[in-house]
Amino acid sequence: MSDIGPIMLEEEGSKGRYVYRAEGHEAEVTFSKVGTSQIIIDHTGVPDAFRGQGVGLALVTRAVEDARRNGVKVRPLCPFAAAQFRRHPEWSDVLAR
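Fair warning: this is a prediction, and the values are worked out from it, not measured in the lab.

The rules we used
- Residues numbered from 1 in each chain as written.
- Predicted model: local features only at pLDDT ≥ 70, side-chain atom pairs only at ≥ 80, totals over all residues.
- Heavy atoms only, no water.
- Core = buried A, V, L, I, M, F, W, Y, C linked by side-chain atoms within 4.5 Å.
- Buried < 20%, exposed > 50% of the residue type's maximum accessible area, 1.4 Å probe, protein only.
- Helix = DSSP H or I, 4+ residues; strand = E, 2+ residues; numbered from the N terminus.
- Contact = heavy atoms within 4.5 Å.
- Axes fitted to C-alpha atoms, helices over the stretch in contact; angles between N-to-C directions.
- Parallel < 35°, antiparallel > 145°, perpendicular 65-115°, else oblique.

(A) A look at the nonpolar core. Core analysis: the largest hydrophobic core is formed by 26 residues, its most contacted members being Y20, I41, V55 and L59. Among the elements of the structure, β2 (15-22), β3 (25-34), β4 (38-45), α1 (55-70) and α2 (79-87) are those that each provide at least two residues to this core. When neighbours within four sequence positions are excluded, Y20 is seen to be in contact with I4, G5, P6, I7, H25, E26, A27, F50, V55 and L59.

Below is the structure:
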C-alpha cells in the first residue's frame, strides 16, 4: 500500500471519523463508540478522485491500528470495512465477535 499522507482522527462525544484530505477532496471512515471497549465502523466514503489509490484501505487500517493500540474491538458494519476484515485475517484480534 502506498503512503497516502496523514490521516487525521476527529472525535466528538460518541462519534468519530478518520479523515484523509488532499487536492480539495476528503475521504472518511466514520464510527460510533460503544462504551470504551468497542467501535462500530458505519461508513466509508471515498470520492472518485481517490479511487484505486488505497485510500479506503488506509483509513480502515488506521482504525484497526488504533483499536489494537487502545485495546478496543471493531464491529465493521460498513460493507467496505467488512470486506477489508475478510481480506485481512491478521485483523481478527480486534474483530468484535
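Next, the rest of the story.
(B) Broad picture of the packing of α1 against α2. Between α1 and α2, whose axes approach to 10 Å, the crossing angle comes to 75°. By the criterion of interaxial angle, the relationship of α1 to α2 is roughly perpendicular. Contacts from G56, L57, V60 and V64 of α1 reach α2 at F80, A81, Q84 and F85.

(C) Quick look at the environment of V46. Along the chain, V46 falls in the loop between β4 and α1. The exposure class of V46 is buried, given its relative accessible area of 15%. Each C-alpha atom, one on V46 and one on L9, is 16 Å from the other, the two residues being 37 residues apart in sequence. Sequence-distant contacts of V46, that is, excluding residues within four places in its chain, are made with A27, R51, V55 and G56.

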